[in-house]
Amino acid sequence: MPEASPEQRVDEWDGEQLKGPADSHEEIGVDPADLSDEDLTREMASLHRTRLDTLRHASDAALATHLRRTADLETEYLTRHPGREVDPHRLRDG
């Protein structure tokens, strides 16, 4: 039997939460809603610094956990900052 592709091994994003075999009901770290703005930003920065290493070298379970935590933190950030400033230099024409 062929080895499963990464898409099959790692949880899928359904637009609101990750779902799949690695999904559990356990909390991963502090609830993002309980973090101060400073702590939320620090946690997101830490995850983004470790993103490539996690993607390339971590186990499937660790990658799924990383994806879930990143999604939880970023969702909280967007909830708090729905009108965040968008840099016009980051926009594409068309």
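Residues numbered from 1 in each chain as written. Predicted model: local features only at pLDDT ≥ 70, side-chain atom pairs only at ≥ 80, totals over all residues. Heavy atoms only, no water.

Quick notes on the overall build of the protein
Item 1. From N to C terminus, the protein includes three helices and two strands.
Item 2. The buried share of the protein, reckoned over its 94 residues, is 19%.
Item 3. Within the protein, residue pairs in contact and separated by at least 24 positions form 63% of the contacts whose partners lie at least 6 positions apart.
Item 4. Of the accessible surface of the protein, which amounts to about 7,600 Å², a share of 49% is contributed by carbon and sulfur atoms. (Helix = DSSP H or I, 4+ residues; strand = E, 2+ residues; numbered from the N terminus. Buried < 20%, exposed > 50% of the residue type's maximum accessible area, 1.4 Å probe, protein only. Contact = heavy atoms within 4.5 Å. Areas by Shrake-Rupley, 256 points an atom, 1.4 Å probe, with all protein chains shown as cover.)

Digging into the side chain of glutamate 76
Item 1. On the secondary structure map, glutamate 76 appears in helix α3 (residues 60-80).
Item 2. In this structure glutamate 76 comes out as buried when scored by relative accessible area, which is 16%.
Item 3. Setting aside chain neighbours within four positions, we find glutamate 76 in contact with Pro32, Ala33 and Leu40.

Considering the confidence of the model for the protein
Item 1. Mean pLDDT over the protein works out to 80, with 70% of the residues at or above the 70 mark.
Item 2. The spread of mean pLDDT over the elements of the protein runs between strand β1 (residues 12-13), the lowest at 48, and helix α2 (residues 37-57), the highest at 95.
Item 3. Every residue in residues 21-25 scores below 50 in pLDDT, and together they form seven contacts with partners more than four places removed in sequence or on other chains. (pLDDT = per-residue confidence, 0-100.)

Description of the environment of alanine 64
Item 1. Of note, alanine 64 is situated in helix α3.
Item 2. A residue is classified by how much of its surface remains accessible, and alanine 64, at 1% relative accessible area, is buried.
Item 3. The spatial distance from the C-alpha of alanine 64 to the C-alpha of threonine 54 is 9.7 Å, given a sequence separation of 10 residues.

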